[in-house]
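Listed below are the residues making up each chain.
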Amino acid sequence: MDTSWLHRLRNHHRLACIVSRGLILGLLLFAGNALASGQLPESASPIRFGILPIGSASESLEQWRLLLEELQKRLGHPVTTVSVSSYTGLSDAIGGQQVDIAFLSGKLAVEAVMHQHMQVFAQFVRSDGARGNTGTLVVRSDSPIHNLEDLLAKPDHWRYARSEKLSVTGYIVPEAGVFAPHGLNSDTFFASVRVADHQSNLLSVVNGEVDVASSNNPDMDLFRRHFPSEGAQLKVIWRSPLIPSGVLVLRDGLPSPLREQLTAFILTYGKASGETGVRERAQLARIPDLGGFAAQSNQVLQPFVDMQYALLRQRAEHGQWVSPQAQQAQLVQIEQDYQRDTRALLGH
């Protein structure tokens, strides 16, 4: 298999730490004027929308707020948000059947489809029309690390900031594209590793608290928009090939009429003509780099299954084993798991 393609100040930082784990206190109901006027059925079960945190949880919630308020009005159905501060928190909420529709990225989406009764129905389309982004490794512009060679030449020397292991660009992409091909694991290669959200990690680089951080082009753009002076102090030393954008998933048990309404709203949002389209596109633009949504199926997740396969295989090939037989058994298991997951995405 060819895997060559795999390769905000302090207030924001404090806020990110305060909400560093678990769910934001309670579910926030976008009741609005419609509910107050009795247009919404008070007895109806709300649509629970899970939001993957980009930056901080509160920031992500605010980015989606207007779109979800309009969703509620359009459907005449209450909408709540399950806003979390970690990928694990969102995965747990989905696994506990507390989410009906969610915005997810790669590995989290694969887990939701394979094990948590969700199905992909739409994919993010960037404002430039692309359906993907790139992972990055970032240093200060005055860093002695000028390229990957400088980084890899000094084991146990540099300080690293990354995201959770469920994060595609924050962990999996640099692991699969940079470290594992060299027989390395970032958790043991670096002198220290800190785990936080993308925006906090970029701030840590600027402040000299770490030497290098994983990120991606949308989060880099968002950071530079919020902190132009600090953003100018960052330099990218590595970019991955294009990685498929995040997706929207729906819970299997959602009633068909509601599923159809949700799907129609999402797939047509931002595509209307005249003032309506202008307003909708402006609300989409509040979400970093989002231009709209395209219809999609579970099969869009195949590159993430491929990436995980490549990472696990590289680690098995470079790892230390008690015997060749133990290594071979692990490689066989990795292959079997890969074939199973591929068949599941294809619906076989």
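Computed from a predicted model, the values in this text were never measured in an experiment. (Residues numbered from 1 in each chain as written. Predicted model: local features only at pLDDT ≥ 70, side-chain atom pairs only at ≥ 80, totals over all residues. Heavy atoms only, no water.)

With that out of the way, let us pick up the overall build of the protein chain. When helices and strands are tallied, the protein chain shows 15 helices and 14 strands. Here the protein chain, with 348 residues, has 53% of them falling under the buried criterion. Carbon and sulfur atoms make up 52% of the accessible area of the protein chain, which amounts to about 15,200 Å² in all. (Helix = DSSP H or I, 4+ residues; strand = E, 2+ residues; numbered from the N terminus. Buried < 20%, exposed > 50% of the residue type's maximum accessible area, 1.4 Å probe, protein only. Areas by Shrake-Rupley, 256 points an atom, 1.4 Å probe, with all protein chains shown as cover.)

Before going further, it helps to spend a moment on helix α14 (residues 302-318). Residues spaced three or four apart along an α-helix point in a common direction, a consequence of the helix completing one turn every 3.6 residues. In this model, α14 (17 residues) spans 24 Å end to end at C-alpha, consistent with the 24 Å of a helix rising 1.5 Å per residue. Three or more residues of α14 are buried, namely Gln 302, Phe 304, Val 305, Asp 306, Met 307, Tyr 309, Ala 310, Leu 311, Gln 314 and Ala 316. As for α14, its buried residues are in contact with α5 (106-115), α7 (168-179), β12 (243-244) and α15 (324-346). (Expected span 1.5 Å × (residues − 1). Contact = heavy atoms within 4.5 Å.)

Bringing helix α9 (residues 198-206) into the picture now. In terms of residue burial, α9 counts as a mostly covered element, since nine of its nine residues are buried. Every buried residue of α9 is listed here: His 198, Gln 199, Ser 200, Asn 201, Leu 202, Leu 203, Ser 204, Val 205 and Val 206. The N-terminus of α9 is capped by Asp 197, whose side-chain oxygen sits 3.1 Å from the backbone nitrogen of Gln 199. Note on α9: the residue one or two positions beyond its end, Gly 208, has a positive phi of about 75 degrees. (Polar contact = N/O pair within 3.5 Å; in protein donor to acceptor, adjacent residues only side chain to side chain.)

All right, on to the sheet that holds strand β9 (residues 192-195) then. Pairing is mixed in the open sheet, where five strands are placed in the order β9-β8-β10-β7-β11. Looking along the sheet, the strands with just one partner apiece sit at the ends: β9 and β11 (234-239). For this sheet, the mean angle separating the axes of adjacent strands, direction not counted, is 30 degrees. Pairing of strand β7 (residues 135-140) with β11 involves five bridges; the strand directions are antiparallel. Opposite Leu 137, over in β11, you have Trp 238 as the bridge partner. (Pairing = 2+ DSSP bridges. Axes fitted to C-alpha atoms, helices over the stretch in contact; angles between N-to-C directions.)

Residues of the protein chain with pLDDT of at least 70 account for 86%, and the chain-wide mean is 85. For the protein chain, per-element mean pLDDT is lowest for helix α2 (residues 32-36), which scores 35, and highest for strand β8 (residues 159-162), which scores 98. (pLDDT = per-residue confidence, 0-100.)

Most often, soluble globular proteins have nonpolar side chains that are buried together. Core analysis: the biggest nonpolar cluster contains 83 residues, and Trp 64, Leu 151, Leu 248, Phe 293 and Leu 301 have the highest contact counts within it. The leading source of residues in this core is α7, at seven residues. The contacts of Phe 293, once residues within four sequence positions are left out, are Trp 64, Leu 67, Ala 122, Gln 123, Phe 124, Val 125, Leu 248, Ile 266, Leu 267, Lys 271 and Leu 284. (Core = buried A, V, L, I, M, F, W, Y, C linked by side-chain atoms within 4.5 Å.)

With that settled, consider the side chain of Glu 280. Following the sequence through the fold, Glu 280 ends up in helix α13 (residues 274-284). For Glu 280, a relative accessible area of 3% corresponds to the buried category. A distance of 3.0 Å separates the side chain of Glu 280 from the side chain of Arg 74, its partner in a polar contact.

The next subject is the environment of Ala 310. By secondary structure assignment, the location of Ala 310 is in helix α14. When the C-alpha positions of Ala 310 and Glu 335 are compared, they lie 10.0 Å apart, and in sequence the two are 25 residues distant.

Turning next to the packing of helix α3 (residues 57-75) against helix α12 (residues 256-268). The description of two helices packed together rests on the angle between their axes and the distance between the axes. Their axes nearest at 11 Å, the elements α3 and α12 cross at an angle of 130 degrees. Viewed along their axes, α3 and α12 adopt a mutual orientation that is oblique. The way α3 lies across α12 gives a crossing that is right-handed. Residue-level contacts link Leu 67, Glu 70, Leu 71, Arg 74 and Leu 75 of α3 to Leu 258, Gln 261, Leu 262 and Phe 265 of α12. (Parallel < 35°, antiparallel > 145°, perpendicular 65-115°, else oblique. Left-handed = near helix turned anticlockwise from the far one by under 90°.)

On to the pairing of β8, then. Summarising the sheet, β8 and β9 pair through four bridges and their orientation is parallel. When the bridges of β9 are listed, Ala 161 appears paired with Arg 194. Where β8 lies against strand β10 (residues 212-216), two bridges are found, and the strand directions are parallel. Note that in β10 the partner of Tyr 160 across the bridge is Val 212.

As a further point, take the pattern of salt bridges. In the structure shown here, the tally under the stated rule is 18 salt bridges. The salt bridge partner of Arg 140 is Asp 142, with a shortest N-O separation of 2.9 Å. Overall, the relative accessible area of 23% leaves Arg 140 in the partly exposed class. The partner of Glu 175 in a salt bridge is Arg 315, with the nearest N and O atoms 3.1 Å apart. On the criterion of sequence distance, the pair formed by Glu 175 in helix α7 and Arg 315 in helix α14 is long-range, its members being 140 residues apart. (Salt bridge = Lys/Arg side-chain N within 4 Å of Asp/Glu carboxyl O.)

Okay, the packing of α3 against α13 next. Across the interface, α3 lies against α13 with an axial gap of 8 Å and an inter-helix angle of 135 degrees. With respect to each other, α3 and α13 are oriented oblique. Mapping the contact onto sequence places Gln 63, Leu 66, Leu 67, Glu 70 and Arg 74 in α3 and Arg 279, Glu 280, Gln 283 and Leu 284 in α13. Tallied by class, residues from the contact of α3 with α13 come to three nonpolar, two polar and four charged. (Nonpolar A, V, L, I, M, F, W, Y, C, P; charged D, E, K, R; others polar.)

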